[in-house]
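# Survey of secondary and tertiary structure
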Amino acid sequence: ALDLDLDGSYWVYAATDGACTNQAHPLLARAGFGVYYYNGHRLNHYLRPPSEPIQTAQRAETLALVHLVSTAER
């Protein structure tokens, strides 16, 4: 969603999420994350990290934030 300020600039809101299934069993754990701006936005992104040594929801949440900050336009 876009939010226009009085000076003509605007904010773009983004949502991030990370999750992990079978987190209690490290050999079975599978994590993933997503970054969502709005329908059809070109920076929407999701990824299941490749076989990292430890996959947890906390790591997936962190990867989502790292991705958002590294791809943000301003």
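Residues numbered from 1 in each chain as written. Predicted model: local features only at pLDDT ≥ 70, side-chain atom pairs only at ≥ 80, totals over all residues. Heavy atoms only, no water.

### Notes on the overall build of the chain
Keep this limit in mind: Counting from the N terminus, the helices are the DSSP runs of H or I reaching at least four residues and the strands are the DSSP runs of E reaching at least two. When accessible area is computed with a 1.4 Å probe and restricted to protein chains, residues below 20% of their type maximum are described as buried, those above 50% as exposed, and intermediate ones as partly exposed. Contact criterion: two residues are considered in contact whenever any of their non-hydrogen atoms come within 4.5 Å of each other. The protein chains shown are the only cover counted for residues, whose accessible areas, like all others here, come from Shrake-Rupley with a 1.4 Å probe. His residues and chain termini do not enter the charge count, which takes Lys and Arg as positive and Asp and Glu as negative. Charge coordinates come from a single atom per side chain, which is NZ of Lys, CZ of Arg, CG of Asp or CD of Glu.
Per the secondary structure count, the chain includes one helix and five strands. When the helices and strands of the chain are read in sequence order from the N terminus, they spell out β-β-β-β-β-α. Along the longest, intermediate and shortest principal axes, the C-alpha atoms of the chain span 50 × 20 × 15 Å. Relative to its full complement of 74 residues, the chain shows a buried share of 23%. Considering only residue pairs separated by 6 or more positions, the chain has 40% of its internal contacts joining residues 24 or more positions apart. For the chain, the computed accessible surface area is about 5700 Å², with 60% contributed by carbon and sulfur atoms. In the chain, 5 positive and 7 negative side-chain charges are present, and the distance between their average locations comes to 14 Å.

### Considering the sheet that holds strand 4 (residues 30-36)
Just so we agree on the cut-off: A pair of strands counts as paired when DSSP detects no fewer than two bridges linking them. Every angle, taken between N-to-C directions, lies between 0 and 180 degrees, and every axis is a line fitted to C-alpha atoms, over only the stretch in contact when it is a helix.
Reading across from one edge, 3-4-5 is the order of the three strands in this open sheet, with antiparallel pairing throughout. Edge positions in the open sheet fall to strand 3 (15-21) and strand 5 (45-47), since each of these has one partner strand only. In this sheet, adjacent strand axes meet at a mean angle of 10° when their direction is disregarded. As paired elements, strand 4 and strand 5 share three bridges and run antiparallel to each other. Note that in strand 5 the partner of Val35 across the bridge is His45. Along the sheet face, helix 1 (residues 57-71) touches strand 3, strand 4 and strand 5 and points at about 150° away from the line of strand 3.

### Focus: the pairing of strand 4
Examined bridge by bridge, strand 3 and strand 4 share seven bridges and lie antiparallel to one another. Counterpart to Thr21 in the pairing with strand 4 is Arg30.

### Considering helix 1
As a reminder, the rule being used: Multiplying 1.5 Å by the residue count of a helix minus one yields the expected span of that helix.
Compared with the 21 Å implied by 1.5 Å per residue over 15 residues, the 21 Å span of helix 1 between its first and last C-alpha is a close match. Looking at the buried positions of helix 1, the neighbouring elements they touch are strand 3, strand 4 and strand 5.

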